[in-house]
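Commentary on secondary and tertiary structure
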Amino acid sequence: MAVRYCSNCGKTCEHKEIIKQKPSPYGKSRKEQFKAFLSGFFSGVTVGAGLASLELVDRYEQCTHCHHMTLDNKGEEFK
């Protein structure tokens, strides 16, 4: 856990990292799910499976004191 300043509670306390899946931009129908599959398949082929999977997740930091979550997608791997 990293010790950081929390702007929500105004204290310096520990923060834990949470990884969550991004919501799908595709609908629930079979056609839309097939489009999602093809998009993920071609993304994995062109970029590589490791980097393609990073496009599907968000990285958050959560304060252990007030439980406030902050989106923290920093770095080249999240661009």
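See the structure shown above.
Nothing here was measured: the structure is a model prediction, and the numbers come from that model.

Basis of the calculations
- Residues numbered from 1 in each chain as written.
- Predicted model: local features only at pLDDT ≥ 70, side-chain atom pairs only at ≥ 80, totals over all residues.
- Heavy atoms only, no water.
- Helix = DSSP H or I, 4+ residues; strand = E, 2+ residues; numbered from the N terminus.
- Buried < 20%, exposed > 50% of the residue type's maximum accessible area, 1.4 Å probe, protein only.
- Contact = heavy atoms within 4.5 Å.
- Pairing = 2+ DSSP bridges.
- Salt bridge = Lys/Arg side-chain N within 4 Å of Asp/Glu carboxyl O.
- Axes fitted to C-alpha atoms, helices over the stretch in contact; angles between N-to-C directions.

1. Some words on the environment of Glu32
With respect to the helices and strands, the residue Glu32 is situated in helix H1 (residues 30-47). Taking relative accessible area as the criterion, Glu32 reaches 23% and is therefore assigned partly exposed. Sequence-distant contacts of Glu32, that is, excluding residues within four places in its chain, are made with Tyr26 and Gly27.

2. Examining the pairing of strand E2 (residues 11-21)
Bridge count between strand E1 (residues 2-6) and E2: five bridges; the pairing is antiparallel. The residue of E2 that forms the bridge with Ala2 is His15. Here E1 folds back onto E2 in antiparallel fashion, the turn holding four residues, of which Gly10 has a positive phi close to 75°. Both E2 and strand E3 (residues 57-63) contribute to a ladder of seven bridges, which runs antiparallel. Bridge assignment links Gln21 to a residue of E3, and that residue is Val57.

3. Structural notes on the side chain of Gln62
Here Gln62 is to be found in strand E3. What makes Gln62 buried here is its relative accessible area of 12%. Beyond its immediate stretch of four places on either side in the chain, Gln62 contacts Glu14, His15, Lys16, Ile18, His67, His68 and Met69.

4. Re the pattern of salt bridges
Under the criterion given, the structure shown has six salt bridges. A salt bridge links Glu61 to Arg59, with the nearest nitrogen and oxygen atoms 3.5 Å apart. Both residues of the pair, Glu61 and Arg59, count as buried. It is possible to trace a salt-bridge network through shared partners that takes in Arg4, Glu17, Arg59, Glu61 and Asp72.

5. Let's talk about the sheet that holds E1
Read across the open sheet, the four strands follow the order E1-E2-E3-E4; overall the sheet is antiparallel. Two strands lie at the open edges of the sheet, namely E1 and strand E4 (69-71), each paired on one side alone. Geometrically, the sheet is characterised by an average inter-axis angle of 45° between neighbouring strands, direction not taken into account. When E3 meets E4, the two strands line up antiparallel, connected through three bridges. By the bridge assignment for E4, Gln62 is matched with Met69.

Worth remembering: the numbers are spatial, not functional.
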